[in-house]
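A closer look at the structure
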Amino acid sequence: MADLLIHRGSSQIGGCCTQISTGESRILIDFGANLPGEDETAETKDSEMFQKVFGSRRNSAVLFTHYHGDHYGLFKEIPADVPMYIGPLAKNILRILVPYIDRNAREKGLPMVERMGTYEAGTWMTPVPGIQVCPLYVDHSALDSYMFTIKVAGKTILYTGDFREHGIVGENGRLEKVLKAYVPGPVDILITEGTMVSRLKEVGTVLVRSERELGLEAGKLFQKHKYNFVLVSSTNLDSIMEFYHNTPGNLRFVCDLYQALVMITAMRDMERKGKFPQYQPSKQHPTVYVLGETDSGWARLREIRQSMENPLYFLSVTEEELERDGFVLLARKNTRPDAYQSPFEILRDKFFDGDGQIIYSMWNGYLKGRKADQNLLRFIGGRPYRSLHTSGHAYVETIAKVIRLVNPKIIIPMHTERPEDFASVPEFAPYADRVQVLRDGIRMPLGGQ
């Protein structure tokens, strides 16, 4: 008999894995790692996930919604005979990200990335017999993220994955247009992320609510200082593109070679999608300046640039040029502080006291409490910083819009620390009687034989 089972993620943020089965075959949506610092306290540890999900069962296919580690991070443990699928741009990002993460790892993940298949937005696929899936391209802080419409045992399920509508991809009412075109409703089951349900108090303290507002505010901040250090996730491309386009003309926009590869890969693939001007080169900054010596990565930059209709150019830069002209620098924490000093730390130590500022563009929870990231705190080092960030997840009014548009019979919240609070959120009040909390490991029958 067909059923729905959340292996992990019903009452935590991250570490997701959801199963939809016909009884004989199944799809797994995501196979994510626990968020940093969460594994010790999680109900199911990462080391337990392989046996819990696969055991001796192989009649599966894994579909990743996007490239954030809490959704794909355990991919190396997926058996070789289990097919995997991800969005085409997401795969290209992983081709850069995974070797960077694995640079000191014994087991390399790039061969696993290369064997991932890709799906196409708006095109139905049958990853296993008896289950049809249509990926829907949506907005999230990870570029190339997807919802899935799933048909199994006569039921229609919409699985949102992580999403929002206040980023670049979400502009101009795109979410509503996609849902009306591909999920006219009603659906039988809506499985929705509810990250912000457990972070409602944070929304009122966020400086900006959209990526566009973030860019405009960043431009004002950059004009006040000569040396700007921006702490931002290397794969949060929407924010990065806003920082890039809003860098004043008198400052240089600077990153390292790894970040340059991520940027140009995203810009090349988004150029092919069209209609996203924020992913085009800036007229003020047709050239991005890159830290470090030239190596084989520069050949890859040139190769991608040559395939673009509107190419972005890169040049190396010296400390003397940075001191003279000033900069907006995409910085990162040092995850191996005992082994070496990163170029970002070297520049911070040299320039911060001479009209520098740190702009922190990540979740504030990484700077305090039990989820504090000591490497981020070490980079800031007690220096004053300005927080400038917007959520990568849907605000409650956006989730309510999805519910209204697809009119589900059953609503299952996940990717939230408090699923039991979902029905009590005022925006969801009209649908409270449809909300069902499905705990990890509990099967929900879908019908069929």
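Summarised in this report is the structure supplied together with it.

We now examine the layout of surface pockets. What the second largest pocket holds in volume is close to 270 Å³. As for the second largest pocket, its lining consists of 14 residues, and the residues nearest its centre are Val 169, Arg 174, Gly 274, Lys 275 and Phe 276. Along the lines of polarity and charge, the residues of the lining of the second largest pocket split into five nonpolar, three polar and six charged.

Below, the discussion takes up the nonpolar core. Within the largest apolar cluster, 100 residues are counted, with the highest numbers of intra-cluster contacts made by Ile 20, Phe 64, Ile 78, Leu 143, Ile 150, Met 263 and Tyr 279. Take this core: its biggest share by element is 10 residues, from helix H9 (residues 257-273). When residues no more than four places from it in sequence are discounted, the contact partners of Ile 20 are Asp 3, Leu 4, Ser 25, Arg 26, Ile 27, Ile 29, Ile 131, Ile 150, Val 152, Ile 157 and Leu 446. If you look at the next biggest cluster of nonpolar residues, it comprises 27 residues, including Leu 136, Val 197, Leu 405 and Val 425.

As a further point, take the sheet that holds strand S12 (residues 227-232). Pairing within the open sheet is parallel, and its seven strands lie in the order S15-S14-S13-S16-S12-S17-S18. Edge positions in the sheet fall to strand S15 (313-316) and strand S18 (385-387), since each of these pairs with one other strand and no more. With strand direction ignored, the average angle separating the axes of adjacent strands in the sheet is 30 degrees. Contacting S12, strand S16 (327-331), strand S17 (356-361) and S18, helix H7 (residues 211-222) crosses the sheet at an angle of about 165 degrees to S17. The sheet strands contacting helix H8 (residues 237-245) are S12, strand S13 (252-255), strand S14 (287-290), S16 and S17, and the helix crosses S12 at an angle near 165 degrees.

Glancing now at the environment of Ile 189. Checked against the element boundaries, Ile 189 lands in strand S11 (residues 189-193). Judged by its relative accessible area of 3%, Ile 189 is buried. Sequence separation between Ile 189 and Lys 409 is 220 residues; the distance between their C-alpha atoms is 6.0 Å. With residues near it in sequence (within four places) discarded, Ile 189 still touches Thr 156, Ile 157, Leu 158, Ile 410, Ile 412, Met 444 and Leu 446.

Before going further, it helps to examine the environment of Glu 242. Within the secondary structure, Glu 242 is located in helix H8. By relative accessible area, which is 5% here, Glu 242 ends up buried. Along the backbone, Glu 242 and Thr 41 are 201 residues apart, and their C-alpha atoms lie at a distance of 36 Å. Residues within four places of Glu 242 in sequence aside, it is in contact with Ile 168, Glu 211, Arg 212, Leu 214, Gly 215 and Gln 278.

On to the packing of helix H3 (residues 88-101) against H9, then. In contact at an axis separation of 10 Å, H3 and H9 are set at 170 degrees when each is read in the N-to-C sense. By the angle class used here, H3 and H9 are roughly antiparallel. In this structure, H3 contributes Pro 88, Leu 89, Asn 92, Ile 93, Ile 96, Leu 97 and Tyr 100 to the contact, and H9 contributes Tyr 258, Leu 261, Val 262, Thr 265, Ala 266, Arg 268, Asp 269 and Met 270. Its residues assigned to classes, the contact of H3 with H9 shows 11 nonpolar, two polar and two charged.

Before going further, it helps to examine H7. Taking 1.5 Å per residue, 12 residues should reach 16 Å; H7 reaches 16 Å between its end C-alpha atoms and fits that length. Taken together, the buried positions of H7 are occupied by Glu 211, Leu 214, Gly 215, Glu 217, Ala 218, Gly 219, Leu 221 and Phe 222. On its buried face, H7 is in contact with S12, H8, S16, S17 and S18.

Attention now goes to helix H12 (residues 343-351). Buried within H12 are the following residues: Phe 344, Glu 345, Leu 347, Arg 348 and Phe 351. End-on view of H12: buried residues confined to an arc of 165 degrees, all on one side of the axis. Looking at the buried side of H12, the elements it contacts are S12, helix H11 (319-325), S16, S17 and helix H13 (374-380).

So, on to the sheet that holds strand S3 (residues 26-29). One key point about sheets: their strands pair by backbone hydrogen bonds, in either a parallel or an antiparallel sense. Taken together, the seven strands give an open sheet; going across it, the order is S6-S5-S4-S3-S2-S1-S20, and neighbouring strands pair in mixed fashion. Each edge of the open sheet carries a strand with a single partner, namely strand S6 (117-118) and strand S20 (443-447). Bridging between S3 and strand S4 (residues 60-63) involves four bridges; their strand directions are parallel. If you follow Arg 26 over to S4, its bridge partner there is Ser 60. Seen against the sheet, helix H1 (residues 46-53) touches strand S1 (2-8), strand S2 (17-21) and S3 and runs at an angle of roughly 165 degrees to S1. The sheet strands contacting H3 are strand S5 (84-86) and S6, and the helix crosses S5 at an angle near 100 degrees.

Right, let's talk about the pairing of S12 for a bit. Here S12 lies mainly inside the structure; six of its six residues are buried. Side chains Tyr 227, Phe 229 and Leu 231 project from S12 onto one buried face, and the interleaved Asn 228, Val 230 and Val 232 project onto a second face that is buried too. Of the strand pairs in this sheet, S12 and S16 are connected by five bridges, and their pairing is parallel. Within S16, the residue paired with Phe 229 across the bridge is Leu 329.

Reading the values: rules and limits
- Residues numbered from 1 in each chain as written.
- Predicted model: local features only at pLDDT ≥ 70, side-chain atom pairs only at ≥ 80, totals over all residues.
- Heavy atoms only, no water.
- 1 Å grid on protein atoms, 1.4 Å probe; cavity = no way out; pocket = protein on both sides within 12 Å on 5 of 7 lines; lining within 4 Å.
- Points joined across faces, edges and corners; volume = space filled by probe spheres on them.
- Nonpolar A, V, L, I, M, F, W, Y, C, P; charged D, E, K, R; others polar.
- Core = buried A, V, L, I, M, F, W, Y, C linked by side-chain atoms within 4.5 Å.
- Buried < 20%, exposed > 50% of the residue type's maximum accessible area, 1.4 Å probe, protein only.
- Helix = DSSP H or I, 4+ residues; strand = E, 2+ residues; numbered from the N terminus.
- Contact = heavy atoms within 4.5 Å.
- Pairing = 2+ DSSP bridges.
- Axes fitted to C-alpha atoms, helices over the stretch in contact; angles between N-to-C directions.
- Parallel < 35°, antiparallel > 145°, perpendicular 65-115°, else oblique.
- Expected span 1.5 Å × (residues − 1).
- Arc of directions from axis to C-beta.

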